[in-house]
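Overview (structure and organization)
Residues per chain, in single letters:
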Amino acid sequence: MTPAEASGVVAVSTADRLRAAAEALLLEKGHEATSLRDITERAGANVAAVSYHFGSKDALLARVYGEVLTEAAAMQRSRLEALPEAASLEELVRAWLAPALDSETTERETRVWALIHRGVAEAAPGMLESLPSLADTVEEHLITRLAAHLPHLDRAELMLRHDAVLAAIGGLIGSSSLSGPSAAGKGREGSDMLVAWV
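Predicted model, so just to flag it, every value in this text is computed and none were measured.

Quick word on the confidence of the model for the protein
When pLDDT is low, close inspection of the predicted coordinates is not appropriate. Per-chain confidence: the protein averages 81 in pLDDT, with 78% of residues scoring 70 or above. Averaged over each element, pLDDT in the protein is lowest for helix 1 (residues 3-7) (45) and highest for helix 3 (residues 36-43) (96). In the predicted structure, residues 176-186 sits below a pLDDT of 50 and forms 27 contacts with residues beyond four places in sequence or in another chain.

Remarks on the nonpolar core
Burial of nonpolar side chains together is a common tendency in soluble globular proteins. Core analysis: the largest hydrophobic core is formed by 27 residues, its most contacted members being Leu18, Ile39, Leu60, Val64 and Ile116. A total of nine residues in this core trace back to one element, the largest contributor, which is helix 5 (residues 57-82). If sequence neighbours within four positions are ignored, leucine 18 has contacts with Ile39, Thr40, Ala43, Ala45, Ala49, Val50, His53, Phe54 and Leu60. Counting residues in each nonpolar core, the second largest holds 19 residues, with Leu83, Leu146, Leu150 and Ile169 among its members.

A closer look at the environment of leucine 25
With respect to the secondary-structure elements, leucine 25 resides in helix 2 (residues 14-29). Sequence separation of leucine 25 and isoleucine 39 is 14 residues, and the distance between their C-alpha atoms is 7.2 Å. If near-sequence neighbours (up to four positions away) are discounted, leucine 25 is found in contact with Gly30, Thr34, Asp38, Ile39 and Arg42.

Here we look at the pattern of salt bridges
In the structure shown here, the tally under the stated rule is 13 salt bridges. Salt-bridge contacts for arginine 19 lead to glutamate 67; the nearest nitrogen and oxygen are separated by 3.3 Å. A residue pair is termed long-range when its members are at least 10 positions apart, and arginine 19 in helix 2 and glutamate 67 in helix 5 qualify at 48 residues. Among the residues examined, arginine 19 registers a relative accessible area of 17% and is labelled buried. When its relative accessible area of 33% is taken as the criterion, glutamate 67 is described as partly exposed. Of the charged contacts in the structure, one is a salt bridge between glutamate 28 and arginine 42, with a shortest N-O distance of 2.8 Å. Of this pair, glutamate 28 sits in helix 2 while arginine 42 sits in helix 3, placing them 14 residues apart in sequence. A residue is classified by how much of its surface remains accessible, and glutamate 28, at 49% relative accessible area, is partly exposed. Residue classification places arginine 42 among the partly exposed positions, given a relative accessible area of 41%. Salt bridges linked by common partners bring Asp16, Arg19, Arg63 and Glu67 together as one network.

Considering the side chain of threonine 40
Note that threonine 40 resides in helix 3. Within the structure, the side chain of threonine 40 is placed 3.1 Å from the backbone oxygen of arginine 37, a separation counted as a polar contact. With residues up to four places along the chain from it excluded, the contact list for threonine 40 reads Leu18, Ala45, Asn46, Val47 and Val50.

Remarks on the packing of helix 2 against helix 5
Relative orientation of the contacting elements helix 2 and helix 5 amounts to 80°, with a least axis distance of 10 Å. In terms of their interaxial angle, helix 2 and helix 5 are classed as roughly perpendicular. In this structure, helix 2 contributes Leu18, Arg19, Ala22, Glu23 and Leu26 to the contact, and helix 5 contributes Leu60, Leu61, Arg63, Val64, Tyr65, Glu67 and Val68. Considered class by class, the residues forming the contact of helix 2 with helix 5 number eight nonpolar, no polar and four charged.

The rules behind these values
Residues numbered from 1 in each chain as written. Predicted model: local features only at pLDDT ≥ 70, side-chain atom pairs only at ≥ 80, totals over all residues. Heavy atoms only, no water. pLDDT = per-residue confidence, 0-100. Helix = DSSP H or I, 4+ residues; strand = E, 2+ residues; numbered from the N terminus. Contact = heavy atoms within 4.5 Å. Core = buried A, V, L, I, M, F, W, Y, C linked by side-chain atoms within 4.5 Å. Buried < 20%, exposed > 50% of the residue type's maximum accessible area, 1.4 Å probe, protein only. Salt bridge = Lys/Arg side-chain N within 4 Å of Asp/Glu carboxyl O. Polar contact = N/O pair within 3.5 Å; in protein donor to acceptor, adjacent residues only side chain to side chain. Axes fitted to C-alpha atoms, helices over the stretch in contact; angles between N-to-C directions. Parallel < 35°, antiparallel > 145°, perpendicular 65-115°, else oblique. Nonpolar A, V, L, I, M, F, W, Y, C, P; charged D, E, K, R; others polar.

Here is the structure:
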């Protein structure tokens with residue numbers, strides 16, 4: 001056993017510190033305002049470490065966006081898989097939109113969705129390049145189940161409606177009158193109105 005293990009201290013790799021620093025700064029400052037110097041100072045690392053572990057600042061930020069999208073996809077997949085096959089359309093919509101509607105989302109979920117929202121709103125290159133990775137989760141776990149409830153709509157229209165709903169919720173979340181991902185529904189009444197609209 002190493003001295004660090006014996007003391008209960010868990011060593012965090014330089015690459016992990018750089019990713020954590022980049023994620024925090026993307027949330028605080030956004031893509032364009034996050035500099036390589038900001039990241040390395042926050043991580044307690046040097047510029048060479050970014051080059052060594054990721055190749056460049058842009059590659060590091062793209063990796064952070066990709067990992068966050070993967071995490072979001074897993075969260076959504078888990079929510080939908082937890083629903084019974086016979087779940088109603090409303091239950092399906094509530095499960096899918098839980099990050100925007102549910103005031104009981106975890107702090108991590110809030111951070112994940114805030115980062116996704118900010119990356120999309122800023123058209124951050126790493127985010128936009130990684131978004132197609134969510135398509136399989138949306139198609140397999142959401143659109144298939146929506147199609148069973150809405151047989152009169154073809155899959156293309158369901159995808160269009162899905163994209164429009166996400167854009168609308170993103171606008172609500174980003175508006176000055178609301179704060180935080182769970183605020184889009186503004187409580188149970190607002191949540192009910194949003195689900196009915198969807």
